[in-house]
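Residue-level listing of the chains:
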Amino acid sequence: MNTEIFVTDKAGLATFYEAIIAKHETYAPVEKFGKYEFKKVSALSGCDPDAPIATTMSAKPLFFPRSAKIMKYTADASGTKVSETDEDPLSAQRVILGMKHCDARSLQVLDKVYNWDFIDTDYQKRRRNTVIISARCDKADTHCFCTSLDYNVERLDAMDVLIVNGADGKVYIEPRTEKGKSFLEGDLTHHMTHVRDNEEAAKAMKKQYDAFAGSFRLNMDYKTVNEGLSKIFDSPQFENVSDNCVGCNTCAFVCPTCHCFKISDEKVKDTGVRYKSYDSCNNGYFTLMAGGHNPRPVKYRRWRQRALHKFVYYKERFGENLCVGCGKCTRACPVNISIFEVVSTLPHINNIQ
Amino acid sequence: MDYTNQIREIAARLFSENKIDVFVGYRMTGFDENQVPVLIRDPKEVPRLVFNDKSVFNLTNYLKHEHTRGKRVGLVVKGCDSRSLQLLLTESQVKRDRLYVVGIACEGVVDDAGQKYQNCQECVFPDAVVFDEMLGTPKGNGQYQVNADIRELASKDLVERRAYFEEVFENCIRCNACRHSCPMCYCAKCCIDQESSTLYNGANTTSAAFHALMTWSLHLAGRCVDCRNCEKACPSHLPLHLLHKWNEQVIYENFQEHLAGVHEGDRGAFYKYSLQDPDDFIM
Amino acid sequence: MEAAVNNQLVSIEKPEIVAPPDWQPVIIGILCNWCSYAGSDLTGTSRIQYPPNIRIIRVPCSSRVDPWFLIKSLQTTADGVLVSGCHPGDCHYISGNYYARRRFLVTKKLLHFTGFHENRIQFSWVSAAEGPKFAKVVAKVTEDIKKLGPLHLYKKENFEK
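Residues numbered from 1 in each chain as written. Chains lettered and ligands numbered in written order. Predicted model: local features only at pLDDT ≥ 70, side-chain atom pairs only at ≥ 80, totals over all residues.

**Focus: the domain arrangement of chain B**
All names here are of chain B. Splitting chain B by domain gives domain 1 (4-135) and domain 2 (148-271). Centre-to-centre, using C-alpha coordinates, domain 1 lies 24 Å away from domain 2. Counting residues at the interface gives 19 residues for domain 1, matched by 20 residues for domain 2. Among the elements that take part in the side of domain 1 that touches domain 2, helix 2 (residues 79-90) stands out by supplying 7 residues, more than any other. The class makeup of the residues in the side of domain 1 that touches domain 2 is 8 nonpolar, 8 polar and 3 charged. (Domains from an automatic or database assignment. Contact = placed C-beta atoms within 7 Å. Helix = DSSP H or I, 4+ residues; strand = E, 2+ residues; numbered from the N terminus. Nonpolar A, V, L, I, M, F, W, Y, C, P; charged D, E, K, R; others polar.)

This is the structure we're talking about:
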């Protein structure tokens, strides 16, 4: 074991944040219209790195933009010309503050699909040049269930630097990756106490984690869910559980792991831009083919696709659940449908009522 | 406002008399104080039904779904919901004889913090206007008043208003939750989703959001019943009511005090005209 | 209403947007087939001059004009839109322009509310016999839009360079 930990207090943490914002291109949760979203910030006063629970929108748009330009084209009498876009590939390093561990974990899950048969270079660049600084939650929300899923929240290495607010008013800052380690070297941590393999600090962090893990109301066994869901593709239950879904797509747009997109052109006269933008499998026309055939013409089939993709197909292909238990979809759902309730009750595993 | 028992009785009675196939109501989420709409087909599930001041969502939305189409439906409607039902009936989207409507004399629904929603505070028609059976004591119509947010924003100058709305459009993620949760948006394919059209905007840019939201609100002008399903559904918490309430106000002031879905057989403001309509803005 | 600062023409809604020195507004004219389009034809055959900023689109009736068209015009290229139809009572389809009139009022007011000057979209009734009136209307609309400055609505975001 070789853990380095920087110990400081609340004021020291604020100084740390301020130093980062002054030095680096920084993104942090900013409040707008009563919800938090990751935005570029220039001062600590304008943002809230310790925003309560998770942001309404995930940090996904920073890696997989809502709408990315793929190419530009001009088409006139002389022919069609295609050119590169002026999209910024993100060459400089940037820092994200206040990303919760569920959001950070989602990037690890997304990495699998982005490194699969096609390597998305833009995503790779953004991923490589980003330092993720994440503070561990102190308390779980009504809809959180990250501890029930297939990753170890305590030992998670998805964030580069982990910040833990100890019960004693002390703040523990621990680099979790090599990138985080080199990021913390230098001026940023001068005002902190540097300890190595310190048992007291480890104990305080463990205590904080235990308090956090104890605050979850929702618990399930993901293995039973994976196994149970994989057997009930033809179950008529899907029609019953999805009948109150209004098919609005919000869940997919706020989900940190959903990665489906559509391609569309925006054109004026002879010039145009081709965009890659978010889409959702809940859209009726998501699977509509050019010939007019739609393999998922009714809502419950689309809905089943979403549930099974998260807990069965992705698991089979990449060995991980496409769900990080952040509860964003449930909070955003206009009719309060809970993905936890559905996946845990569907295979009649654990009836929470 | 708690009509849980009455609604359970009504639903059980309707099932036993074989008058309906589906009953659309609310049930508890089981996690928190909030409620989930529920479609009940089995009389055994009737005890799950609840109704109180957390029954927020406008259930007429479900009349466009495949689960209720062509079936005999029992439905719970509050004041604003019944106005949208009235409009759906006028626009021939549902058949009256297939519906059994439980109207509520609504006292307003509350948000997570226990505060009455703004539209409930300003509500003009709290009592259901379409019903087979009415629960609660009707209070009569309120007085139409100009929305406070509208008044505040309209007093600002052009530059400020433009900057404000630019921020609104920037924050739109174009998930179209507003459209899907709107009870009055029942087109099988929305005009802003026509990929084959040159007017189509597929990208999630600010420009596309401007196009989508403005077009959407203008297509709902004179038909919006101010149930605010859209605003409650918006994951970005955008003040969508500003667009709708402004249109409603312009229509109320200029077109013979038109309010959507209040009178039987009264169509949306754009489906009729009067020779006295204002003409002074036209050269 | 003059939107000029330091002799430079700026957008009245968003003063950051400065017009280039040779800026000319682009105006979309949506004309009804039966009256206004014939009216504009008469303007041409009568050799009456009007500003060349207008790009004309012919539609069957003014009630064919969905508010969508106006929004889309402003969103992409136009600095202003003119919609013109038959005089009230003269509609080829009997009542089309009465329906259109309601929609125009609401569209105009909504755009004004969301921060676009009212004169960005304008309406006129021009009959097939009113060639000189059409020229006057176009001249007035062009002049109005020139005063308002460029609109530049989100064009930069999509179509820079």
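**Comments concerning the environment of L218(A)**
Residue and element names in this part refer to chain A. By the secondary structure assignment, L218 is in the loop between helix 5 (199-213) and helix 6 (222-231). Classification of L218 as buried rests on a count of 22 C-beta atoms within 10 Å. In sequence terms L218 and P236 are 18 residues apart; their C-alpha atoms lie 26 Å from each other. Those residues in contact with L218 that lie beyond four places of it in its chain are F145, S148 and F340. (Buried ≥ 20, exposed ≤ 12 C-beta atoms within 10 Å, placed from the backbone.)

**Side note on the pairing of strand 3 (residues 27-32) of chain C**
Regular strands have side chains that alternate between both faces of the sheet. Residue and element names in this part refer to chain C. By the criterion of burial, strand 3 is predominantly enclosed, with 6 of the 6 residues buried. Two elements, strand 3 and strand 4 (residues 54-59), share 6 bridges in a ladder whose sense is parallel. Within strand 4, the residue paired with I27 across the bridge is I54. Handedness of the crossover is the feature at issue here: the chain leaves strand 3, passes through helix 1 (residues 36-45), returns alongside strand 4, and the resulting connection is right-handed. (Pairing = 2+ DSSP bridges. Right-handed = clockwise from strand over helix to strand, strands pointing away.)

**What to know about the nonpolar core**
Soluble globular proteins tend to pack their nonpolar side chains together in the buried interior. Core analysis: the largest hydrophobic core is formed by 209 residues, its most contacted members being I96(A), I133(A), A11(B), L75(B), V76(B), L213(B) and V81(C). Looking at this core element by element, the count peaks at 9 residues for helix 7 (residues 206-220) of chain B. Not counting residues within four places of it along the chain, the set of residues in contact with A11(B) comprises F23(B), G25(B), I40(B), V46(B), L49(B) and G74(B). (Core = buried A, V, L, I, M, F, W, Y, C linked by C-beta atoms within 7 Å.)

**What to know about the interface of chain A and chain B**
The interface of chain A with chain B comprises 36 residues on the first partner and 35 residues on the second. Those elements that place two or more of their residues in the side of chain A that touches chain B are helix 8 (250-254), strand 11 (261-268) and strand 12 (271-278) of chain A. Residue classes in the side of chain A that touches chain B are distributed as 14 nonpolar, 14 polar and 8 charged.

**Some details on the sheet that holds strand 2 (residues 25-32) of chain A**
All names here are of chain A. Read from one edge to the other, the open sheet built from 8 strands follows the order 3-2-6-7-8-9-1-10, with strand pairing classed as mixed. Edge strands, defined here as strands with exactly one partner in the open sheet, are strand 3 (35-41) and strand 10 (193-196). On average, each strand axis in the sheet is inclined to that of its neighbour by 25°, with strand direction left out of account. Of the strand pairs in this sheet, strand 8 (residues 161-165) and strand 9 (residues 170-175) are connected by 5 bridges, and their pairing is antiparallel. Bridge pairing in strand 9 links V164 to Y172. In this fold helix 1 (residues 10-23) packs onto strand 1 (4-9), strand 2, strand 3, strand 6 (94-96), strand 8 and strand 9, with an angle of close to 110° to the strand it touches most, strand 1. (Axes fitted to C-alpha atoms, helices over the stretch in contact; angles between N-to-C directions.)

**Side note on the environment of F131(B)**
Inspection of the secondary structure puts F131(B) in the loop between helix 3 (118-121) and strand 5 (133-135). Aside from chain neighbours lying at most four places away, what touches F131(B) is S82(B), V101(B), V102(B) and G103(B).

**Focus on the domain arrangement of chain A**
Residue and element names in this part refer to chain A. Taken as a whole, chain A is organised into domain 1 (4-63 + 86-213) and domain 2 (222-262 + 278-345). For domain 1 and domain 2, the distance between their C-alpha centroids amounts to 28 Å. With 22 residues of domain 1 in contact, the opposing surface of domain 2 contributes 21 residues. When its residues are assigned to classes, the side of domain 1 that touches domain 2 shows 11 nonpolar, 5 polar and 6 charged.

**Digging into unusual backbone geometry**
Residue and element names in this part refer to chain B. Its identity as a non-glycine residue notwithstanding, N18 has a phi of 55°, on the positive side. Tracing the backbone through its elements, the reader meets N18 in the loop between helix 1 (4-16) and strand 1 (22-28). What makes N18 exposed here is the crowd of 8 C-beta atoms within 10 Å. Phi is positive for R174, which is not a glycine, with a value near 55°. Along the chain, R174 falls in the loop between helix 5 (158-171) and helix 6 (177-181).

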